[in-house]
Amino acid sequence: MTKVPREKFVPAELRSSAYEDRPLPIGYGQTISQPFLVDFMTEQLRPKATDRVLEIGTGSGYQAAVLSELVAEVYSIEIVRPLAQRAEALLSELGYGNVHVKAGDGYHGWPEHAPFDAIIVTAAPDHVPAPLVEQLKEGGRMIIPVGESTAQDLYLLEKRGGQIKQTAVSPVRFVPLTREREEKPADQ
Ligand code: SAH
């Protein structure tokens, strides 16, 4: 985390607050997570240099940049297209060539690049998305906040022998995981 210039990932007017241990607004009603939480969640994943990691909720791109320093490839999905575009441009400008960003609904994961050694979800759904469990490698770990907007728990999921072990790690507060509208069947 000391390598990643956090001030580049926050709006210009908040640059002087970039190293305070709190979340900051990044536009579109979204936030860059508090550094303590980025550190804590990253540690829970026990990232290895050969890992391929999926992130749901690119936001500013900061968490993706932190992971990029530790693992082989980072795949990150952001539902707010302008945020995805901004993070992608910034990450490439800063030389984080192993981060791949796409705009879309992360609920479905990124099947083309699955399975992943680790999955980190940085927006809270009300249940663990089944596609993400499927896309986790045997022996893989997922860290995910689950719950309503007022009361969420951070869970660690580990896949062993095809079974999922789910452990509540800590109470947290993330922005909700929003969903792309399902396509309606065409009216006659
Ligand atoms: N990891 C980010 C902080 C994420 S804030 C960082 O380091 O800055 C959570 C982000 O999740 C927001 O940008 C929000 O737009 C995004 N998000 C919410 N629902 C999503 C979904 N279904 N798929 C992908 N991204 C989603």
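What counts, and at which threshold
- Residues numbered from 1 in each chain as written.
- Predicted model: local features only at pLDDT ≥ 70, side-chain atom pairs only at ≥ 80, totals over all residues.
- Heavy atoms only, no water.
- Near = heavy atom within 4 Å.
- Polar contact = N/O pair within 3.5 Å; in protein donor to acceptor, adjacent residues only side chain to side chain.
- Areas by Shrake-Rupley, 256 points an atom, 1.4 Å probe, with all protein chains shown as cover.
- Helix = DSSP H or I, 4+ residues; strand = E, 2+ residues; numbered from the N terminus.
- Nonpolar A, V, L, I, M, F, W, Y, C, P; charged D, E, K, R; others polar.
- Pairing = 2+ DSSP bridges.
- Axes fitted to C-alpha atoms, helices over the stretch in contact; angles between N-to-C directions.
- Contact = heavy atoms within 4.5 Å.
- Core = buried A, V, L, I, M, F, W, Y, C linked by side-chain atoms within 4.5 Å.
- Buried < 20%, exposed > 50% of the residue type's maximum accessible area, 1.4 Å probe, protein only.
- Phe/Tyr/Trp six-rings, centres within 6.5 Å; stacked < 30°, edge-to-face > 60°.
- Lys NZ or Arg CZ within 6 Å of the ring centre and 35° of its normal.

Peer 1: Any details on the site of the ligand? Residues and values, ideally.
Peer 2: Ser60, Glu78, Asp105, Gly106 and Thr178 are the nearest of the 27 residues found near the ligand. The backbone of Gly106 places a nitrogen or oxygen atom 2.8 Å from a nitrogen atom of the ligand. With respect to the ligand, the side chain of Thr122 contributes an N or O atom lying 3.2 Å from a nitrogen atom. Protein coverage of the free-state accessible area of the ligand, which is 580 Å², stands at 99%. Of all the secondary-structure elements, those providing two or more residues to the shell around the ligand are strand E2 (30-32), strand E3 (52-56), helix H2 (62-68) and strand E4 (73-78). Of the residues forming the shell around the ligand, the biggest block, three residues, is contributed by E2. Looking at the shell around the ligand residue by residue, the classes come out as eleven nonpolar, 13 polar and three charged.

Peer 1: Kindly report on the pairing of strand E5 (residues 99-103), identifying the contributing residues and their values.
Peer 2: Direction of pairing for E4 relative to E5: parallel, over a ladder of five bridges. Looking at the pairing, Ile77 lines up with Lys102 of E5.

Peer 1: Kindly report on the sheet that holds strand E8 (residues 152-160), identifying the contributing residues and their values.
Peer 2: With respect to topology, seven strands assemble into an open sheet ordered E5-E4-E3-E6-E7-E8-E9, the strand pairing being mixed. Strands with a single pairing partner mark the edges of an open sheet, and in this sheet they are E5 and strand E9 (163-172). In this sheet, neighbouring strand axes are inclined to one another by 15° on average, regardless of whether the strands run parallel or antiparallel. Inspection of the sheet shows E3 paired to strand E6 (residues 116-121) by four bridges, in the parallel sense. Bridge pairing in E6 places Val53 opposite Ala118. With respect to the sheet, helix H3 (residues 81-93) is in contact with E4 and E5, its orientation differing from that of E5 by roughly 160°.

Peer 1: Can you tell me about the nonpolar core, naming the residues and giving the values?
Peer 2: Core analysis: the largest hydrophobic core is formed by 36 residues, its most contacted members being Phe9 and Leu91. Elements supplying a minimum of two residues to this core: strand E1 (24-27), helix H1 (35-44), H2, H3, E5, E6 and E8. Setting aside chain neighbours within four positions, we find Phe9 in contact with Val4, Ile26, Ile32, Ser60, Gly61, Tyr62, Ala65, Leu90, Leu91 and Leu94. Residues Ile56, Ala123, Leu132 and Met142 belong to the second largest nonpolar core, which totals 18 residues.

Peer 1: Tell me what's going on with the packing of aromatic side chains, and back it up with residues and numbers.
Peer 2: Aromatic rings in a pair are described by how distant their centres are and how their planes are angled relative to each other. Applying the stated criterion across every chain, the model contains four aromatic pairs. Ring geometry for Phe36 and Phe40: centres 6.0 Å apart, planes at 10°, overall stacked. On the criterion of helical spacing, the pair formed by Phe36 and Phe40 is a turn pair, its members being four residues apart in helix H1. Pairing Tyr75 with Trp110 gives two aromatic rings, centres 5.5 Å apart and planes at 80°, and the pair type is edge-to-face. Separated by 35 residues along the polypeptide, Tyr75 in strand E4 and Trp110 in the loop between E5 and E6 bring together distant segments of the chain. You can call Tyr75 buried: its relative accessible area is 7%. Ring pairs connect the aromatic residues Tyr75, Trp110 and Phe116, which therefore count as one cluster. One residue, Arg6, lies across the ring of Tyr62, its end atom 4.8 Å from the ring centre.

Peer 1: Report on the side chain of Asp117, specifying residues and quantitative values.
Peer 2: Tracing the backbone through its elements, the reader meets Asp117 in strand E6. Within the structure, the side chain of Asp117 is placed 2.8 Å from the backbone nitrogen of Arg52, a separation counted as a polar contact. For Asp117, the contacting residues outside a window of four places in its chain are Thr50, Asp51, Arg52, Leu136, Lys137, Gly140 and Arg141.

From the geometry alone we can't say anything about function, so treat these as descriptive.
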